[in-house]
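Tertiary structure, described
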Amino acid sequence: MDNTALNILQLLIFPERFESIVAESDADIDRHIAGDILKQLLHDEYVSPLIEEPEGTFTRSLGYDSDHLEDFCYQITAKGLRVLEKQI
């Protein structure tokens with residue numbers, strides 16, 4: 001896993017919106033690259049998509065719309081945390 005993907009994983013300890021991921025990433029990446037990396041992390045089950053409920057809580061979504069990443073929040077999974085532990 002490259003440094004940019006690891007950086008994105010580190011941002012996802014708490015639920016984050018896609019726009020925050022792009023803005024807070026250490027690497028100078030645009031939203032298309034961030035989206036591609038996030039999709040790969042989702043595919044590898046290192047990250048889960050979440051739906052924000054009106055009262056501010058989050059529910060894990062069974063899927064996500066890859067064309068509308070901004071409609072979801074994202075958080076690292078236990079599998080993703082194990083990857084981070086090995087890298088740090």
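Heads up: these notes are all about the structure in this document.

**Examining the layout of surface pockets**
Its boundaries defined by the atoms lining it, the largest pocket holds a volume of some 190 Å³. Considering every element that reaches the lining of the largest pocket, the biggest residue donor is strand β2 (residues 47-52), with three residues. Taken together, the residues of the lining of the largest pocket break down into five nonpolar, four polar and three charged.

**Thoughts on the packing of helix α1 (residues 3-11) against helix α3 (residues 31-43)**
It is at 10 Å that the axes of α1 and α3 come closest, and there the two elements cross at 75°. It follows that α1 is roughly perpendicular to α3 by the angle criterion. Contacts between α1 and α3 pair T4, A5, I8 and L9 from the former with A34, I37 and L41 from the latter. Of the residues contributing to the contact of α1 with α3, the split by class is six nonpolar, one polar and no charged.

**Here we look at a negative patch on the surface**
A surface patch of like charges, here negative, comprises E19, D65, D67 and D71. Within the secondary structure, D65 is located in the loop between β3 (58-60) and β4 (73-76). The class for D65 is partly exposed, based on a relative accessible area of 32%.

**What to know about the environment of F58**
Within the element layout of this structure, F58 appears in strand β3. Distance in space between the C-alpha atoms of F58 and I8 is 19 Å, their sequence separation being 50 residues.

**Topic: the sheet that holds β3**
Backbone hydrogen bonds hold the strands of a sheet together, and the pairing may be parallel or antiparallel. Taken in spatial order, the four strands make up an open sheet running β1-β4-β2-β3, and their pairing is antiparallel. If you trace the sheet from one side to the other, it starts and ends with β1 (16-17) and β3, each paired once. With four bridges joining them, β2 and β4 adopt antiparallel strand pairing. Bridge assignment links L50 to a residue of β4, and that residue is C73. Sitting on the sheet, α3 is in contact with β2 and β4, with an inclination near 105° to β2.

Criteria and cut-off values
- Residues numbered from 1 in each chain as written.
- Predicted model: local features only at pLDDT ≥ 70, side-chain atom pairs only at ≥ 80, totals over all residues.
- Heavy atoms only, no water.
- 1 Å grid on protein atoms, 1.4 Å probe; cavity = no way out; pocket = protein on both sides within 12 Å on 5 of 7 lines; lining within 4 Å.
- Points joined across faces, edges and corners; volume = space filled by probe spheres on them.
- Helix = DSSP H or I, 4+ residues; strand = E, 2+ residues; numbered from the N terminus.
- Nonpolar A, V, L, I, M, F, W, Y, C, P; charged D, E, K, R; others polar.
- Axes fitted to C-alpha atoms, helices over the stretch in contact; angles between N-to-C directions.
- Parallel < 35°, antiparallel > 145°, perpendicular 65-115°, else oblique.
- Contact = heavy atoms within 4.5 Å.
- Patch = residues over 30% accessible without salt bridge, like charges linked within 9 Å, V, L, I, M, F, W, Y side chains within 5 Å.
- Areas by Shrake-Rupley, 256 points an atom, 1.4 Å probe, with all protein chains shown as cover.
- Salt bridge = Lys/Arg side-chain N within 4 Å of Asp/Glu carboxyl O.
- Lys, Arg positive; Asp, Glu negative; His and termini not counted.
- Charge placed at Lys NZ, Arg CZ, Asp CG, Glu CD.
- Buried < 20%, exposed > 50% of the residue type's maximum accessible area, 1.4 Å probe, protein only.
- Pairing = 2+ DSSP bridges.

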